[in-house]
Amino acid sequence: MEEETPRVELTPQAAELVRRLREEHGPLMFHQSGGCCDGSAPMCYPDGEFRTGGSDVLLAELDVAGVPEPVTFWMSRSQYRAWSHTRLIVDVVPGRGSGFSLEAPEGVRFLTRSRVVDA
C-alpha cells in the first residue's frame, strides 16, 4: 500500500520551535488565513485560542516528536481553494512575524513553503 503524502509537514527547525513553544504555552494550534503579509503566514496559538468555524478547513493533526498531543493546522477555506493542490511545509526563518503568533518574541517567524502534489 502506498503511503499518502502528508498535506502539511514541519521542517526539523519548525518542529524544534514547536517543542519549545509547547513547553512554554501548552497545547498548540496553527491557523493560516488568506490575505497578504502576515495573513498568508501560519500563525501559532495556544490550542483553542483562535476560534475556527465553517470558513476554516482542518488540514492536519501534526504528530511532533516530544509533543504529547497532535498540533492542529487550520487554513481558511478561501486560502485552501487556492492551495488545495499543494503540500505545505512549515519552516522557520529569521525575522519578526505577527505579534499575535507565539514565536514573535523569539526573533523568528513561521513561513509556509509549498510543493505541488500529483492530482
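Above this text you will find the structure in question.
Here's what I pulled together on the structure shown here. Everything numeric in this text was worked out from a predicted model, so none of it was measured.

Each α-helix turn comprises 3.6 residues. Residues three or four places apart therefore point the same way. With 14 residues, helix H1 (residues 12–25) should reach 20 Å at 1.5 Å per residue; the first-to-last C-alpha distance of 20 Å fits that figure. Taken together, the buried positions of H1 are occupied by Ala-14, Ala-15, Leu-17, Val-18, Leu-21 and Arg-22. Projected onto a plane normal to the axis of H1, the buried residues spread over an arc of 160° and lie on a single side. Opposite the packed face of H1, turned more than 90 degrees from it, sit the exposed residues Pro-12, Glu-23 and Glu-24. Of the surrounding secondary structure, the elements contacted by the buried residues of H1 are strand S1 (8–10), strand S2 (28–32), strand S3 (43–46), strand S5 (71–76), strand S6 (86–94) and strand S7 (108–116).

Time to look at the side chain of Asp-56. In this structure, Asp-56 sits in strand S4 (residues 56–62). The buried charged residue Asp-56 lacks any salt bridge partner; its closest oppositely charged side chain belongs to Arg-77, at an N-O distance of 7.9 Å. Within the structure, Asp-56 has its side chain in polar contact with the side chain of His-31 (distance 2.6 Å).

Pairing between side chains becomes possible if they bear opposite charge and their charged atoms approach one another. Inspection of every chain in the model, using the stated rule, returns five salt bridges. With its nearest N and O atoms 3.2 Å apart, the salt bridge here joins Arg-20 to Glu-106. Linking Arg-20 in helix H1 with Glu-106 in the loop between S6 and S7, this pair joins segments that are 86 residues apart in sequence. Under the relative-accessibility criterion, Glu-106 is labelled partly exposed at 37%. Where Arg-113 meets Asp-91, a salt bridge forms, and the shortest distance between an N and an O atom there is 3.0 Å. You can see Arg-113 sitting in strand S7 and its partner Asp-91 sitting in strand S6, a full 22 residues away along the chain. Owing to a relative accessible area of 38%, Arg-113 belongs among the partly exposed residues under this scheme. Judged by its relative accessible area of 12%, Asp-91 falls in the buried class.

So, how was this worked out
Residues numbered from 1 in each chain as written. Predicted model: local features only at pLDDT ≥ 70, side-chain atom pairs only at ≥ 80, totals over all residues. Heavy atoms only, no water. Helix = DSSP H or I, 4+ residues; strand = E, 2+ residues; numbered from the N terminus. Expected span 1.5 Å × (residues − 1). Buried < 20%, exposed > 50% of the residue type's maximum accessible area, 1.4 Å probe, protein only. Arc of directions from axis to C-beta. Contact = heavy atoms within 4.5 Å. Lys, Arg positive; Asp, Glu negative; His and termini not counted. Salt bridge = Lys/Arg side-chain N within 4 Å of Asp/Glu carboxyl O. Polar contact = N/O pair within 3.5 Å; in protein donor to acceptor, adjacent residues only side chain to side chain.

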